[in-house]
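Structural description and commentary
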Amino acid sequence: MYTCAVKLRNKEMVILHSNKSVSGEEITFSFGNLQSGVKVALAKYAKYNSWNFYVINTNSSNVTLDIEYIKLEEGNYYTGMQPYNQDMEAFKCLWVMQITDLMGYPEYCNSNEIAFLVPIQRRMMKTPDISNNVENQSTGISVRKTDGTTVTGFTYEVNYMFKNAVRVVAHKNNHGLKMSDIGCIAFRGQSGFDSNTY
């Protein structure tokens, strides 16, 4: 059983409930009146695994509907919880963790360490730790030279968090690299920054 809420801006909400599945192929929602002469329905077709929203206008002229949101829930009741804004929820997650193919560029270099500035999409809850702090070109962290080759044997730590970047320091005694040799630091797989640690 599914419940669907359709909310028009400045109008009352319409609640729809699913009917019995038709031959296992679809779930069809009961019609609900949005306004005079205008009904809505929602159907899911298992064959295509997609939901379709229908507006049926029986008026003789066109009707404009200002839909504020449509919320689909499993079960017999509408919970009343506000529908999620996917972009906003993703932005909130960045407060805690950022792990999507991050890349940083050298800030300074001495014989035993290289500092990189790694841009972040927003300032995090607190100075983060490195998640999946493993040196691996495909699924972890790697230091890469300007010619694209990977240099191994480093350990990594977060040194400081700025408003829009995190400083990561790569440590290796006598690494033998000059500033002009260093291309970037790359985070792959689940490697990145996690501020949800204590």
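This text goes with the structure placed above it.
Everything in this summary refers to the structure shown in the same document. (Residues numbered from 1 in each chain as written. Predicted model: local features only at pLDDT ≥ 70, side-chain atom pairs only at ≥ 80, totals over all residues. Heavy atoms only, no water.)

1. Structural notes on the pairing of strand E1 (residues 2–8)
Among the 7 residues that make up E1, 6 are buried, leaving the element largely enclosed by the rest of the structure. Sheet topology note: the E1/strand E7 (residues 67–74) ladder contains 7 bridges and is antiparallel. In the strand pairing of E7, Lys7 is matched with Tyr69. Taken together, the 5 bridges between E1 and strand E2 (residues 13–17) define a ladder with antiparallel strand orientation. Bridging from a neighbouring strand, Ala5 pairs with Ile15 of E2. Linkage of E1 to E2, two consecutive antiparallel strands, is achieved through a turn of 4 residues, within which Asn10 is found at a positive phi near 65°. (Buried < 20%, exposed > 50% of the residue type's maximum accessible area, 1.4 Å probe, protein only. Helix = DSSP H or I, 4+ residues; strand = E, 2+ residues; numbered from the N terminus. Pairing = 2+ DSSP bridges.)

2. Things to note about the packing of aromatic side chains
Inspection of the entire model under this criterion finds 3 aromatic pairs. Centre to centre, the rings of Phe154 and Tyr156 are 6.4 Å apart; their planes meet at 35°, and the pair counts as tilted. Like Phe154, the residue Tyr156 is buried in the burial classification. Relative to Phe162, the ring of Tyr160 lies with its centre 4.8 Å away and its plane at 65°, an arrangement referred to as edge-to-face. Of note, Lys172 hangs over the ring of Phe154, and the distance from its end group to the ring centre comes to 5.6 Å. (Phe/Tyr/Trp six-rings, centres within 6.5 Å; stacked < 30°, edge-to-face > 60°. Lys NZ or Arg CZ within 6 Å of the ring centre and 35° of its normal.)

3. A word on the pattern of salt bridges
The final tally for this structure, using the stated rule, is 4 salt bridges. Notably, a salt bridge pairs Arg9 with Asp66, separated by 3.2 Å at the nearest N-O pair. With Arg9 in the loop between E1 and E2 and Asp66 in the loop between strand E6 (50–57) and E7, the pair connects residues that are 57 residues apart, well separated along the chain. Take Arg9: its relative accessible area is 39%, and that puts it in the partly exposed class. (Salt bridge = Lys/Arg side-chain N within 4 Å of Asp/Glu carboxyl O.)

4. Structural notes on unusual backbone geometry
A positive phi angle, close to 50°, is found at Asn132, a residue other than glycine. Along the chain, Asn132 turns up in the loop between strand E11 (129–131) and strand E12 (141–145). What makes Asn132 partly exposed here is its relative accessible area of 33%. A positive phi angle, near 50°, is found at Asn174, a position not held by glycine. For Asn174, the location among the structural elements is in the loop between strand E15 (165–171) and strand E16 (182–187).

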